[in-house]
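Breakdown of the fold
If you want the building blocks of each chain, they are given just below.
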Amino acid sequence: MHKIIPSVFIFFICISSLFAQQPNKPKASEIFHDLQKLNFLGSALYIAAHPDDENTRLISFLANDIHARTAYLSITRGDGGQNLVGPEIRELLGVIRTQELLAARRTDGGQQFFTRANDFGYSKHPDETLEIWNKDEVLKDVVMNIRRFKPDVIVNRFNHRNPGTTHGHHTASAMLSMEAFDLVGNNTMYPESVNEFGTWQPKRLLFNTSWWFYGSKEKFEKADKSKLVEVETGNYYPALGLSNGEIASLSRSMHKSQGFGSTGTRGSQTEYLEFLKGDFPENKKDIFDGINTTWSRLENGQAIGVILKALEENFNFKNPSQMIPELMKAFDLIKELPNGHWKSIKLEEIKNIIVSCSGLFLEAVANEQNVNPKGDLKVTIEAINRSNANIQLGSITSPCIAFPVSFKATDLDKDEKYTLESTENTFSGTNFSTPYWLKEKGTIGMYHVSNKELIGLPENEHEFPVTFNLAIEGRNISITKNIIYKYNDPVAGEVYQPFDVLPEVTSSIPEKVLIFSSNDSKQIPVKVRAGKDNVSGTITLQHPKGWLISPDHQLFELSKKGEEKTILFTITPPKNQSEGYLKTLVNVGDQFYNKELIQIDYDHVPYQSVLLDSEAKIVRINIQKKGEHIGYIKGAGDAIPESLKQIGYKVTTLLPSEINNKNIEKFDAVVVGIRAYNTVPEMEFKQEILNQYVFNGGTVLVQYNTRHRLVTKDLAPYSITLSKERVTDEFSEVTILEPNHEVLNKPNKISSTDFEGWVQERGLYFPSEWASEFTPILGMNDKAYPESKGSLLVANYGKGHYIYTGLSFFRELPAGVSGAYRLFANLLSIGK
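Anyway, here's the lowdown on the structure attached to this text. For clarity, every value in this text was computed on a predicted model and none was experimentally measured.

**Focus: the overall build of the protein chain**
If you tally the helices and strands in the protein chain, you get 20 helices and 43 strands. What you see for the protein chain is a C-alpha radius of gyration of 30 Å, in line with the 28 Å of a compact globule of 832 residues. In terms of its C-alpha atoms, the protein chain occupies a principal-axis envelope of roughly 90 × 75 × 55 Å. Across the 832 residues in the protein chain, those meeting the buried criterion constitute 56%.

Here it is, written out as C-alpha cells:
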C-alpha cells in the first residue's frame, strides 16, 4: 500500500513551447515529489508502437504514485499518421509527434525513447511490418534501450499472440518486447550495446490488458484472472485538485495533431496487467513485488536511505534550503558508492534537488535565435542564488563558446544577480541544427543514424552546452545548461525558443511535385533565403537527363538575414514519359548548400528548425483528359485540388452552403474529399442535390470514408456498405476486372504499369457490399488475404455517372504517381 501524499507539479500544465525551453523553477511541493523519487530505486518501461499508443493512466501512476523511474519506448515517431493541426505529413509530422510525446511525458512525469523504425503506414500483419522495418535492426534498438534504461519491469501495451487481427505495428511492438526480454541478458547478442551498457535482466514482463482485448466486458468478467496483476490508478491528489485520471487526460491531450483531446476522469480506476515472463508477483496488487526498491538495494546504500527518508518524513515546505546540509551528507555518501547504474542516476537526481532547494537560477541566453557555423554570437550568463546557502561560482566552461579568461571565482550572495557575457568571435559550433534522425537518407522502414550515441534518444541533447562549475556548501557541483534564446512578446511575455545553428543560405522549391502533362515549358519559382546579412551567390537546378533548364544558373543577392527572394527558371520536359528529381544547389564563395529550411511553430510544441534536401519531384506524364471545370467538396483535408490544377483542370472549392443545383450544374465533375461524410455534417442534406446533378448528366467522384460516424448512410443513389477492408501493400498485384470499361480505356489506356510506383498503400475502407447497379473495376489483396473488389465502383445514374473509390488518390497524386493521375483523369472524363 503506497502512501498518497499531495504534490503540485508545474509540468502538469506545460502546454506551450514557453515551458519546453524554460528553466525549471520548482515549488517546494515539486521538490518534495523529487525527493520521493530519489528514495525509490525501481524502474518501469512501457512499450508500444506509436505516439498516443501509451496508457498515460499507468505511466502517470508509476511515475507519480509509486514514484518509479518510468519511460515509454515508442517503436516509431508516428510519421505515417494524419495531421489535424497543420499541413505537415511524413517526416515533418514525425517531428511534431516526437515533441508531443515529450510534452506528454513532461505532463505525466515519464521519460521518452524511440527506435529508428519509421511509421510507414497501416500494416495488416506483423510479418509485413518486421520485414519493412528490418526486424534485426529494430530488435537491436529495443534491446539497446532496455540495456540502457535497465527497467525492473517491462509493460507491453499490445498482445503478441494475435497476429493479423489488428495493426501490424501494434502486434510487432509486443513481439519485439517478448523477444528482447530473453536477449538483453545474453552478452553474445548485439555486443555493441553490451560494451556500452552491459547486460540486464528485467524481473518481469507484463501485458497491459483490459476488457477491450477480450471482446466485451462480459467476456472479461468471466475470464480467468489468475495471472492478472490489478492496480488502483484513480488516486486523487488533494493539493493539486487533480486525480491521476485527470493528469493522464492532460498528458493524452498533448497529442493534438491526432485530435486526442481527452476529458479527465475521477474516481476509482483499475488497470490490469497480465503476467507474461519472469518472476510471478506473489502480491498481485504490486507491480514491483519482490523487487528491492529501497536504498538497501545498493552496497553501502542503507545509510543514504536513513538520511533521505528522514528528510522526506520531515520535509521543510516553508524553507527547503534548510535541508541542504543533510542533503550534502547524502550527496557525499552517494559519491562514495561503487560506480554503477543507480549511482549515476541518483547522483544527478540529488544534485538537482540541492540546486532546487537553494533556489539557484542558471541560464545561458543567446542574443539571436540562430547563427551560422562559427558565427558572431553573444551568450549572456545569469546566475542568482535565492537562498542563504553558501554558493560560489568557480568557473563557466563550454566546448562551443569562450568566456573571459579574467573570470575569477565569485560568491553568489543571496538575491544578487550575477551576469557575464561571452568573449567575442569565439563561437565554434559547426553542426547544423536539425532532428538527428533526418540528417541522412533512410529507407521506407528505417531511419539511418550514423551517430550511435543518439539512437533511441527523443532529440539532440545538449547541442550547445554551458557548464556552471559551482561550490555549494564546500562541495563541487557542476550544472550544465543548453544555450537558449528568449524574447519578450507583447501578449505572451517571456518566450523561449531553442538556439540553432543554420546555413548561411537555404533554398526551396515550393511545389514539391511538378507535373507536366504536355510538352509545354513551365516557369518554376525557386526561393532563396538568407541565413545572415549580405549574402550573394549563384543558384542552379540539378535535373534528370532529357529535361532542359533555362537559364543554367541565376545570381542572387540578399541584404538582410531572413530575407527571401523568388527566382524563376524555365523547365522544358522531354517528349516521352519521364520522372526524377529537381534539386537546388546554391554556391556562396567556396561553399555549396543544398538544404531547405522548414520552421515548425505551434503553441503546443517547441519551435523546430528542420533541414531537408531541397528538391521536388518532376514528372512528364503522357495524359489525356476531357472536361475542364471541377468542383471540389472539402473533407478531412487533402491536396487533390492542387494536384488537379497541375494537369490543367480549373478547380473550384465548394463550401457546404454553396452545394446547390444552380452552383454545381456548371461543373464537368464534382470530387468529394476524403472523409467528407465523416467530417462535414451538412453532407447529410446535400446528397439529394448531388444525386440530381448525376441524374442530369454530371459525374460525382467520392473518395474514401470510414464506416463509423457517418453523417448519413446515403452516400450514393444506390446502396453501398463500407467496411474496414484495405490493401496496405502498395506493391500488391492489381487485377483488372472489367478491361473493356470506359474508365480503363478513355481517354487513357490503363494497364498494370499504371499501378507501379504507388506509395504507402493501395487503398482503404473499401465497400464490402454494393447494389447491382455498381460495376467493380479492380481486384486486389494483401498477401494471404482474399481479393477485395470494392476499391473502385462505377454506376450509371440517369444521364450521369457516380463513382466511389477507396483508392489512395489523396496520397498518390501529391506523390506524383503517373498511373494514378492517368486513372483519375479517366474517372473525371467518363461520359464525355
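**Examining the pattern of salt bridges**
For the structure on display, the rule yields 34 salt bridges. Between lysine 561 and glutamate 368 there is a salt bridge, with its nearest N and O atoms 2.9 Å apart. One end of the pair, lysine 561, is in the loop between β26 (554-558) and β27 (564-572); the other, glutamate 368, is in the loop between β10 (361-366) and β11 (370-371), with 193 residues separating them in the sequence. Residue class for lysine 561 comes out partly exposed when judged on its relative accessible area of 31%. With a closest N to O distance of 3.6 Å, glutamate 615 and lysine 441 form a salt bridge. Here glutamate 615 is found in strand β32 (residues 615-620), whereas its partner lysine 441 is found in the loop between β15 (418-421) and β16 (465-472), with 174 residues between them in sequence. Residue glutamate 615 is classed as buried on the basis of its relative accessible area of 18%. Overall, lysine 441 belongs to the exposed group, its relative accessible area being 60%. One network of salt bridges, with partners in common, ties together Arg116, Glu137, Lys140 and Asp141.

**Considering unusual backbone geometry**
Cis rather than trans, the peptide bond between serine 550 and proline 551 has omega equal to -10°. With respect to the element layout, proline 551 can be found in the loop between β25 (548-550) and β26. Following lysine 746, the chain continues to proline 747 via a peptide bond in cis, the omega torsion being -10°. Within the fold, proline 747 resides in the loop between β38 (734-736) and β39 (763-770). Here glutamine 760, not a glycine, exhibits a phi torsion of approximately 65°, which is positive. With respect to the helices, strands and loops of the structure, glutamine 760 is situated in the loop between β38 and β39. Overall, the relative accessible area of 12% leaves glutamine 760 in the buried class.

**Here we look at helix α3 (residues 56-65)**
With nine of ten residues buried, α3 lies mostly within the body of the structure. Within α3, the full set of buried residues consists of Thr56, Leu58, Ile59, Ser60, Phe61, Leu62, Ala63, Asn64 and Asp65. Two to three positions downstream of the cap, the backbone nitrogen of arginine 57 sits 3.0 Å from a side-chain oxygen, assigning the N-cap of α3 to asparagine 55. Histidine 67 sits one or two residues past α3 and shows a positive phi near 75°.

About the criteria used
In every chain, residue numbers begin from 1 and rise along the written sequence. Given that this is a predicted model, residues contribute local features only at a pLDDT of at least 70 and side-chain atom pairs are listed and counted only at 80 or more, while totals for whole chains, interfaces and linings are drawn from all residues. As a rule here, side-chain values cover all heavy atoms of the structure and leave hydrogens and water aside. Secondary structure is summarised from DSSP: a helix means a run of H or I of at least four residues, a strand means a run of E of at least two, and numbering begins at the N terminus for each. The globule rule used here is 2.2 Å times the number of residues to the 0.38 power, and the radius of gyration it is set against is calculated over C-alpha atoms. Categorising residues by exposure relies on relative accessible area from a 1.4 Å probe, with only protein chains included: less than 20% of the type maximum marks a residue as buried, more than 50% marks it as exposed, and the intermediate range marks it as partly exposed. Definition used for salt bridges: Asp or Glu carboxyl oxygen within 4 Å of a side-chain nitrogen of Lys or Arg. Think of a polar contact as two N or O atoms within 3.5 Å of one another; within protein, one of them needs to be a possible hydrogen donor and the other a possible acceptor, and neighboring residues in sequence only count if both atoms come from side chains.

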